[in-house]
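Each chain, written out:
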Amino acid sequence: MMLLLTMRWLPQFIVYLIDMSIWYAAWQAFAGTSVGFSDNLGDVRSMDDIRKNFGRAPEHFCKKMLSPDAGSRRGSTASFVGSTSGGSLAESTSLLGASSQRLQSYVNRLLDVRIQKWVMFSAAWNEIIDHFREEDIISNTESDNLKFSQFDGFSQAIYLPVFQTAGAIEDVLSELERPVDEYTDAKTGSFTDETYFGPITGHVTMQTAVSEVWELGAFLLRQVLGPVHSDDVDAIGIMIQGWAEDSNLTSKMNLQNVRGVMQNFVAAINIFAKGIKKRKPAATPRVSPKRAELTKPVENKSGMRRAVSATSLGSLETDLKPGEFKTNEAKQEPIIDAMRDQVRDKLRNFMHGVKGLLKNSYGDSETRDVLDRVTFLGSMENGFFWDDAYASNQLDNVCQNSNFKAVLKKLDGLLSMHPDDAEPKSKEARRRLTFFVNSLFMDMPDAPSIHDMFSWNVLTPYYSEPVSYSKADLEQRTDALGVSTLLYLQTLYRDDWNNFLERIGIQNEEKLWSKKYCEETRRWASIRAQTLSRTVNGMMYYEKALRLLANMERLDEDTTNDLLGEKFGYIVSCQVYGNMKRNQDPKADDIDALMHRFPHLRVAFIDTIRINRAGASVCYSVLVKSNGKGGIQEIYRVRLPGNPVIGEGKPENQNHAMIFTRGEFLQTIDMNQEGYFEEALKMRNCLQEFAKREGPLPTTILGLREHIFTGSVSSLANYMALQETSFVTLGQRVLTRPLHIRLHYGHPDLFDKLFFITRGGISKSSKGINLSEDIFAGYNNVIRGGSVGFKEYLQVGKGRDVGMSQIYKFEAKLSQGAGEQSLSRDVYRMCHRLDFCRLLSFYYGGIGHYFSNVLTILTVYVVVYLMAVLALFKLEKIGDRIITPMGTIQMMLGGLGLLQTIPLFATLGVERGWLASLQEIAMVFATGGPLHFMFHIQTKANYMSQTILVGGAIYRATGRGFVTQHTSMDEQYRFFASSHLYLGIELGAGLILMGYETEAGQYFGRTWSLWLASVSFLASPFWFNPLTFDWSVCASDYVLWLKWMLCPSGGASKSWSMWWNEENAHYKKMALTSKFLYLIKVALFLLVAEGIRRSGLFRSDMSLTTPVVGVGTLVWVIILLLLIGRISNAHQQSMPYPVRRTISILIFLGLIVAVLFLFIEDINYLRYAIAAYYGVGAICLLGLLFGFKFVKFFYFMHDVFCAHIIFIPLFVLGALQLPGHIQTWLLYHNALSANVVVSDILRYARKTKESGGGEANEDLVEQVAELRKVVQRQEQLLSGAGLSSGTLPQLRSDPPSPSETPEPGPMGRTQSQGRGYGRAISMTGIDVWGDMALGDVGEFSRDSGSGATMATESTAGSSAAPSSTQGFSFSQPDAMPPR
């Protein structure tokens, strides 16, 4: 009775222990959301939000990120006199006018501190955009649209980016055309400029756009029409501007009809934009023909032209009849110029429109004067509209004027571009810009001057990971279709590749590997993988950022260089660099190339030198750098007392390089991280956090948020990225505030170096116990009186594992590390020093998470066997009470999985919006996310419990490559059998037994969460394995698995026997007390076996039937066959192979027939067999615990049985075909849709074929043909199932003709149709005050709609053939993690 009572209450008790984890997850979500909103996280989520807040950005930028020494704070010393050319000076004078009051007003505006802040902000903003372009995440046009413009000699030093003002003119025109009753006085029926222009003047962006169009448009007209018309253009402009200043514009002009005028002006600009690039100026200026006598007096009185145009031309028509001059012009050969004629036509219509806007042209002298001047512009014989030679010469001149081209681009974007077209298409560019602008409104310390800022060093530990991809790495083909690493990257980063080709200016991709472009190609690929080059490139942005900030503080070059060496340093601790040099490893050359590229980069390594023949050696810590002449220079060499590597290697690699850091603070950066230029600008603000004291203890560790950049590879990578994002943002945010128990969880934290080097260093390196070496720095920090901060206004990129096996090994490493932590003295000492509340916070926010996973799996296990045992022994009732299903347990178990998504939902909701967060969560569920997360609950539980019971935690190198290749069944089985597959089958069997024997009813309601756990353990490795449901792949996997099972030797990857020995070796080291825990499982198996024997399962009364063959006879036959097989195995070496083979086949067939006859003759023996299976399982577990070798055969049979349970559904699904297509579409919905991959592979294969592959490519041609067929079938299947989006490639069965011109590479695409404008001059390295001349700019705010949501292109493609996706693996683990 006591046993029964214990079994009934045990699940509730365990759930009571773990339900606090559920409540902690829910509370963490609400607390993290509250803190996030209080920190202004998520205020800027889209480009529309940037537009709304762009006007406030300069104020916050200068207040927080610039020191008091920056130029924006010293307006009185600003120099507004630029070194401009004569033409520009004259232009500036004409724009300002001759009024001394206007000049004084201009100077006052120039010295306005608010305007200066815009100049400083524009300098930093343009540098950020320039670095975006260098990284190829935006195109040239997008770069032009995002940057501030700068034109020499104009009244403003900067002009707003096109993305900010695009569409504003259209809004202005709409306001001018609004109904009359909205701006007229109801009583008088009249209106004023103030009421008419109110909506425009009240909207700063529209006002600024009008101002820019007026000034730039006037400049463009003056340049096009030339000196003959310049006086009239200036006079017209001054008059209209005067009307606007005197608020008389509405009384002088009918602006409701201005849209037609603007359409002609925009059309002229479009003609210029299209034709200016193609136009070839004449070698010599064209000569005008002699005019008739009628025109000579007008030409000779050039000095009186203005008077004539104002008084005596009133009777002239707008268009003089050319017929009057036919006599003189007929003899001349006409000058053919299509662009000139088109521009004339549009500008003539434009002037007609301007005349139509004028009111009361006969009653008002000023209006009449403007009308006469416009009329005279179109009627001058020697002017632009009638003199062909003059007009063509003017167009030739402006086409050679770089300033004119820049203004034309700016105007084209301002007038013609839709706001959506002006935004960057890259999701990464949008993310970085929104985060940077959002961070300006977050709470951060004010920046000190460069002289006064704290100094810091960056330290990156490196062992032997990839440094840069070589040509061989990028061209390496991993299957017959030739899918190379470069092709994979081109496919994954399609737009970036097109931007790269545009930047380096090549059309033919065959030139990529020429001497000129080879290094650029390698660099482009390397910074898109998890390589050392990517990390170094990002960290050296700190140096570039400091240079820009020093320039803003007006420091000279020598002072800047001195301060850079004093304030910043970057050390890469390449542990085995010395061995690489000695072995001539290409990675050493790549590291040298990085030092040459970044002169301030330093490399530290451990150099081991043999000193005698006996093998004695001496170890040194060595620091080297580039000598600036192509060589490597040694700076320091420090002798060590011995080999410092005594543990895992990484901690020692960091600690030995600490002596070479010279800064006050140290930032640790892992090798799979990257930095961003815009974030580097905020580092000196971040360092000031150490000067703040928010509590009684000093801040000694400062944590920074991370962005996981590997989420776009596949659904698995996306799950990992979302999981990490939730922890590195919301999780650490809550642990910091309000719990005050955040520790050090790895890079990119900042350390108070002086605090740590006097208290044991930043890493502990004891092997095993310090597997998770980073967190021990946090324990040490808490014990020794330091505190930890966490700030989210600065982010660092982080790469994560992207393959099933990689993630499995990563979770195993963390779980074993947590197990070792729970056994360490550090945790013991720290827990004795924490108050009760912080102790609970530490538990649930740290290692308690892993204990909860262990308890969760234990609860599932106990509940399944409890219900099965109660059903088998008919104990579900207590007396005559009605059976009550344990629905509470089911809800709690299901809730543990579902409620864990609340922190993720809150994290995404704060930063992306609640609707976007809900969509992301829905997609995670639709693609099988719950299977993934429940699968890894068991991963954590398995390795956590194993480490506590046995120990043996080791470091697992997960690899950082792209893993999207199909993994064969034998490898899947090796990885997941012991930890997941056995448990999944065991739970499923228990649930089936319970379902057969239960009398309680409500089977699904009682078992749905338990079945979900069982299915997740069994299905996850195969659902997230590409091409698992392809029939040919299933058949191939089965053959490989059989070969692995039957091979007697060759290592764990080749032989089941070797794998089984390694997998179960830990039982030998297990303590006797730990073995007693497994005895409970033995007793449970025996209990189930007895219950099955007693149950009514397959029970039949055989007393009235006469067997054909006696049951006893069949039993003896089976025993005899087993003995013969055993004897045959013992003497197999002495028998020829044909004899052994024949005996084995006969014994196998005999056993099958005998067993079938036994079950047919007496069905009860099937029940006995199932009971015996559990009984033998109990005996085998005992034998395994105490080292009996006979159990190995039974485990072999068990693995055969379990594997076939998995293979049968796989073959069924493979035969149906449709599940495989659905799997691939869901698996790669967010990035690498299969149809994109297939089309690129086919194009690449076609290119190979056309280039003359010859006989060597026959197999390639056959596979391409087969691939086409599969893709066509795939499209039909998806269309029939309603899953196709209509984007699958249309593949032809006939080969392409040689005349077809292939796209300019596998990544060719249509370029953006957006229009650009003049690229602003980069301000890094120049004096930002050099040409400062700025007009009045107000505070910016724009009311616009909700943030634009960027739609993710998810083509409903799917996998085609094994080779279509099989080649996408460039780093695959090939060994099972040791137990």
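Residues numbered from 1 in each chain as written. Predicted model: local features only at pLDDT ≥ 70, side-chain atom pairs only at ≥ 80, totals over all residues. Heavy atoms only, no water.

### Quick word on the side chain of Asp1037
Rules: The way it works is that DSSP assigns letters per residue, a run of H or I at least four long becomes a helix, a run of E at least two long becomes a strand, and they are numbered from the N terminus. Exposure categories follow from relative accessible area, calculated using a 1.4 Å probe and restricted to protein chains: below 20% of the type maximum is buried, above 50% is exposed, and the middle band is partly exposed. Counting rule applied: Lys, Arg positive; Asp, Glu negative; His and chain ends not counted. One side-chain nitrogen of Lys or Arg within 4 Å of one carboxyl oxygen of Asp or Glu is enough to make a salt bridge. In what follows, residue pairs with any heavy atoms lying within 4.5 Å of each other are defined as contacts.
Examined against the element boundaries, Asp1037 turns out to sit in helix H49 (residues 1031-1046). As a buried residue without a salt bridge, Asp1037 has its nearest oppositely charged side chain in Arg974, at a separation of 12 Å. Excluding anything up to four places from it in sequence, Asp1037 contacts His966, Thr967, Ser968, Met969 and Phe1207.

### Some remarks on the pairing of strand E1 (residues 456-462)
For clarity, the cut-off: Only when DSSP finds a minimum of two bridges between them are two strands counted as paired.
For E1, the tally of buried residues reaches seven of seven residues, placing the bulk of the element in the interior. Residues Trp456, Val458, Thr460 and Tyr462 point to one face of E1 and Asn457, Leu459 and Pro461 to the other, with burial holding for every one of them. Examined bridge by bridge, E1 and strand E2 (residues 568-574) share seven bridges and lie parallel to one another. Opposite Pro461, over in E2, you have Ser573 as the bridge partner.

### With respect to the confidence of the model for the chain
Quick reminder of the rule: As a per-residue quantity, pLDDT reports the predictor's confidence and falls between 0 and 100.
With 79% of its residues at a pLDDT of 70 or more, the chain has an overall mean of 80. Throughout residues 72-104 the model reports pLDDT below 50, and contacts reaching past four residues in sequence, or to other chains, amount to 48 contacts.

### Quick notes on the nonpolar core
Note the following rule: Nonpolar cores are built from buried Ala, Val, Leu, Ile, Met, Phe, Trp, Tyr and Cys residues. Side-chain atoms within 4.5 Å join them into one set.
Trp125, Trp456 and Ile591 are the most contacted members of the largest nonpolar core, which has 95 residues in total. Looking at this core, the element that brings in the most residues is helix H6 (residues 113-134), giving nine residues. Once you skip the residues sitting within four places of it in the chain, Ile591 turns out to touch Tyr462, Val467, Leu532, Cys574, Tyr577, Met580 and Val603. Membership of the second largest hydrophobic core comes to 89 residues, among which are Phe975, Leu983, Leu993 and Tyr1067.

### Regarding the side chain of Ser484
Quick note on the threshold: Within 3.5 Å is the distance limit for a polar contact, defined as a pair of N or O atoms, with the added protein rule that one can donate a hydrogen and the other accept it, and that residues adjacent in sequence qualify only through two side-chain atoms.
Mapped onto the secondary structure, Ser484 falls in the loop between helix H24 (471-475) and helix H25 (485-492). Looking at Ser484, the relative accessible area reads 4%, which means it is buried. A polar side-chain atom of Ser484 sits 3.4 Å from the main-chain carbonyl oxygen of Leu474. At a separation of 3.2 Å, a polar atom in the side chain of Ser484 contacts the main-chain amide nitrogen of Leu487.

### Regarding the sheet that holds E2
Within a sheet, each strand pairs with its neighbour through backbone hydrogen bonds, oriented either parallel or antiparallel. Selection criterion: Axis lines are fitted to C-alpha atoms, over the contacting stretch for helices. Their N-to-C directions set the angle, which ranges from 0 to 180 degrees.
If you walk across this open sheet you meet the 10 strands as E5-E4-E3-E2-E1-E6-E9-E8-E10-E7, and the pairing is mixed. Two strands lie at the open edges of the sheet, namely strand E5 (632-639) and strand E7 (673-674), each paired on one side alone. In terms of strand pairing, strand E4 (residues 617-626) meets E5 through seven bridges, oriented antiparallel. Within the sheet, the bridge partner assigned to Tyr620 lies in E5 and is Arg639. Packing against the sheet, helix H30 (residues 557-567) makes contact with E1 and E2, and its axis sits at approximately 50 degrees to E2.

### A short note on the packing of aromatic side chains
Stated precisely, the cut-off is as follows: Aromatic pairs are defined between Phe, Tyr and Trp rings, using the six-membered ring for Trp, whenever the two ring centres lie within 6.5 Å; interplanar angles under 30 degrees are classed as stacked, those over 60 as edge-to-face, and all others as tilted.
With the rule as written, the count across this model stands at 71 aromatic pairs. Between Phe1085 and Tyr1174 the ring centres are 6.0 Å apart and the planes differ by 75 degrees, which places this aromatic pair in the edge-to-face class. In this pair, Phe1085 is assigned in helix H52 (residues 1072-1094) and Tyr1174 in helix H55 (residues 1164-1185), connecting sequence segments 89 residues apart. A single burial state applies to Phe1085 and to Tyr1174, both of which are buried.

### A word on a nonpolar patch on the surface
Let me state the cut-off plainly: A patch consists of residues exposed above 30% relative accessible area that lack any salt bridge, with like charges linked at up to 9 Å and nonpolar side chains (Val, Leu, Ile, Met, Phe, Trp, Tyr) linked at up to 5 Å. Accessible surface is estimated by sampling points in the Shrake-Rupley manner with a 1.4 Å probe; for residues, cover comes only from the protein chains shown.
A contiguous nonpolar patch, built from Leu1072, Phe1076, Val1176, Ile1179, Leu1182, Phe1186, Phe1188, Phe1190, Phe1193, Phe1194 and Met1197 and spanning about 1000 Å² of accessible area, is present on the exposed surface. Those elements giving two or more residues to the nonpolar patch turn out to be H52, H55 and helix H56 (1191-1216). You can see Val1176 is positioned in helix H55. The partly exposed category is assigned to Val1176, whose relative accessible area is 31%.

### Some details on the pairing of strand E10 (residues 787-798)
Across the 12 residues that make up E10, a large majority, 12, are buried. The pairing of E7 with E10 spans two bridges and is antiparallel. Among the inter-strand pairings, Gln673 is bridged to a residue of E10, identified as Lys798.

### Considerations on the environment of Gly1112
Along the chain, the position of Gly1112 falls in helix H53 (residues 1111-1130). Along the sequence, Gly1112 and Leu1158 sit 46 residues apart, while their C-alpha atoms lie 9.3 Å from each other.

### Comments concerning unusual backbone geometry
With an omega dihedral of 20 degrees, the bond running from Arg737 to Pro738 counts as a cis peptide bond. Note that Pro738 resides in the loop between helix H36 (715-736) and strand E9 (750-752). At the junction of His747 and Pro748, the peptide bond is cis and its omega measures out at 20 degrees in the coordinates. Looking at the element boundaries, Pro748 is found in the loop between H36 and E9. Despite not being glycine, Ser247 shows a phi value in the positive range, around 60 degrees. When you line up the elements, Ser247 lands in the loop between helix H13 (230-245) and helix H14 (249-252). Classification of Ser247 by relative accessible area gives partly exposed; the value is 47%. In this model, Leu1027 sits at a positive phi of 65 degrees, which is unusual for a non-glycine residue. By secondary structure assignment, the location of Leu1027 is in the loop between helix H48 (1003-1023) and H49. The exposure class assigned to Leu1027 is buried, which follows from its relative accessible area of 4%.

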